[in-house]
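# Structural overview for review
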Amino acid sequence: MAQPVRGRFVVVEGIDGAGTTTQTARLADRLRVDGLALVRATREPSEGPIGSMVRQILTGRIVAPEGRAPGWATMALLFAADRVDHVESTIEPVLAAGGVVLSDRYDASSLAYQSVSSGRGGDDAVEWIRSLNRHAVRPHITIVLDVAPDLAAARRESRGEPAQLYEQNEVQRALALFYRNLAKHIPGDRIVIVDGTGSVETVHDRVYAAYQSAFIPR
Ligand code: TYD
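These numbers come from a predicted model, not from an experiment.

The residue V126 is located in helix α5 (residues 123-132) in this model. Separated by eleven residues in the primary sequence, V126 and V137 have C-alpha atoms spaced 18 Å apart. Once residues lying within four places of it in the same chain are set aside, the contact partners of V126 are L111, S115, F178 and H185.

What follows is the structure, given as structure tokens:
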């Protein structure tokens, strides 16, 4: 699908503990300080009805009678449905008004997490997930925070929250590898891999530079 004509659409991605939430919020603050009038930070799963349900599945608050989480294909469909709702309710209106949308995760998360959890070694699942999301408006830039799985695991540990559905170390290692090769899986998109190690401000400077590379003419 074509890129939006107006506005700027930025996605921040990475494994759990990579810092996507922190860096999305920090970039939003920076752009507001820069004087941009309409900056909207948002996330997936979204705050909408399907996104809220998905969060309950991820944290184990909804379980099937046999105690099983839904399989990868069901999750891919739920995330894709949430994305349609998120685009319609939040992303497109802000872009149409000429604003900046910063999304903590988007369809790259589906390609990564649902293909890795399919256990099918990849391409078949990736192809199907891509087809589910083929009408999703394309970001102008996707910034991937690259963090060693061990460091991300230590950050998750220090939060002291119970592990969510995909937060096991082997899964996260496979995800880190997938994200390093993300450009291969989303041909045509602008993807920038940024070193996510260091202080919040150090990483923010790299994220901001990546943002500027997409929008500020040299
Ligand atoms: P996360 O972004 O870490 O949010 P929180 O701040 O609540 O921990 O959690 C979202 C989880 O959902 C994360 O493990 C990635 C996963 N996910 C998918 O598996 N597929 C998707 O399409 C999206 C958007 C997220």
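Having seen it, we continue.
Attention now goes to the nonpolar core. Ranked by internal contacts, the top residues of the largest apolar core, which has 47 residues, are V10, L27, L31, M75, L102 and L182. Beyond its immediate sequence surroundings of up to four residues, V10 is in contact with L27, V101, L102, S103, I141, I143, Y211 and F215.

In the region of the ligand, 14 residues are neighbours, and D16, R83, R105, S110 and Q114 sit closest. Interatomic distance of 2.5 Å between a side-chain N/O atom of S110 and an oxygen atom of the ligand. In the model, a nitrogen atom of the ligand is placed 2.8 Å from a nitrogen or oxygen of the Q114 side chain. Taken together, the elements giving at least two residues each to the shell around the ligand come down to α2 (49-58), α3 (72-96) and α4 (107-118). By residue number, the principal contributor to the shell around the ligand is α4, which donates four residues. When grouped by side-chain class, the residues that make up the shell around the ligand number five nonpolar, four polar and five charged.

Moving on, we come to the packing of aromatic side chains. Tallied over the full model, the rule gives five aromatic pairs. Summarising the aromatic geometry, the rings of F9 and Y106 are spaced 5.0 Å apart at their centres and angled 80° between planes, so their arrangement reads as edge-to-face. Taken together, the residues F9 in strand β1 (residues 8-13) and Y106 in the loop between β3 (100-104) and α4 connect sequence positions 97 residues apart. A relative accessible area of 1% means that Y106 is categorised as buried. For the ring pair Y113 and Y166, a centre distance of 5.5 Å and an interplane angle of 65° mean the geometry is edge-to-face.

If a strand is regular, its side chains alternate between the two faces of the sheet. Burial within β1 is extensive, with five of its six residues counted as buried. Bridge count for β1 against β3 is five bridges, and the pairing is parallel. Its bridge partner lying in β3, V10 is registered against L102. Of the pairings in the sheet, the one linking β1 to strand β4 (residues 141-146) comprises four bridges and is parallel in character. Paired with V12 across the bridge in β4 is I143.

Take helix α6 (residues 149-159) next. For α6, the full list of buried residues reads P149, A152, A153 and R156. One side of α6 holds all its buried residues, which, seen down the axis, span an arc of 100°. Pointing more than 90 degrees away from the buried face of α6 are the exposed residues D150, E157 and S158. Close packing links the buried residues of α6 with α7 (169-180). Count one or two residues on from α6 and you reach G160, which has phi positive near 70°.

This part covers α3. Think of an α-helix as 3.6 residues a turn; residues three or four steps apart then line up on the same face. At V87, α3 shows its largest kink, close to 45°. Positive backbone phi, approximately 85°, marks G98, located one or two places after α3.

Scanning the model with the defined rule gives twelve salt bridges in all. With a closest N to O distance of 2.7 Å, R83 and E44 form a salt bridge. Remark: E44 occurs in the loop between β2 (39-43) and α2 and R83 occurs in helix α3; sequence separation between them is 39 residues. Judged by its relative accessible area of 2%, R83 is buried. We note a salt bridge from D195 to R206, for which the minimum N-O separation is 4.0 Å. Here the residue D195 occupies a position in strand β5 (residues 191-195), and R206 occupies one in helix α9 (residues 200-215), the gap between them amounting to eleven residues. On the basis of relative accessibility, which here comes to 36%, the residue D195 falls in the partly exposed class. By relative accessible area, which is 29% here, R206 ends up partly exposed.

What counts and how
- Numbers given for residues are sequential positions, taken from 1 along each chain in its written order.
- Note on the predicted model: pLDDT of at least 70 is required for a residue's local features to be given, and 80 or more for side-chain atom pairs to be given and counted; whole-chain, interface and lining totals, by contrast, use all residues.
- Derived side-chain values reflect all non-hydrogen atoms in the structure, with water molecules and hydrogen atoms excluded from consideration.
- By the criteria applied, helices consist of DSSP H or I runs no shorter than four residues and strands consist of E runs no shorter than two, each listed in order from the N terminus.
- By definition, residues are in contact when any of their heavy atoms lie within 4.5 Å.
- In this text, buried Ala, Val, Leu, Ile, Met, Phe, Trp, Tyr and Cys residues form a nonpolar core when linked through side-chain atoms within 4.5 Å.
- Remark: exposure states derive from per-residue accessible area (1.4 Å probe, protein chains only) relative to the maximum for the residue type, with buried under 20%, exposed over 50%, and partly exposed in between.
- When at least one non-hydrogen atom of a residue lies within 4 Å of a molecule or strand, that residue is treated as near it.
- What qualifies as a polar contact is a pair of N or O atoms within 3.5 Å, subject to a donor-acceptor requirement within protein and to the restriction that residues adjacent in sequence count only when both atoms come from side chains.
- Polar here means any residue other than Ala, Val, Leu, Ile, Met, Phe, Trp, Tyr, Cys and Pro, which are nonpolar, and Asp, Glu, Lys and Arg, which are charged; Gly is therefore polar.
- Note on aromatic pairs: the rings of Phe, Tyr and Trp (six-membered ring only in Trp) are paired at centre separations within 6.5 Å, and the planes decide the class, stacked below 30 degrees, edge-to-face beyond 60, tilted for the rest.
- Any two strands with at least two DSSP-identified bridges between them are counted as paired.
- When we speak of the arc, we mean the arc of directions from the helix axis to the C-beta atoms.
- Fitting axes to the seven residues that end at a residue and to the seven that start at it, the angle between those axes gives the bend at that residue.
- Think of a salt bridge as a Lys or Arg side-chain nitrogen and an Asp or Glu carboxyl oxygen that are within 4 Å of each other.

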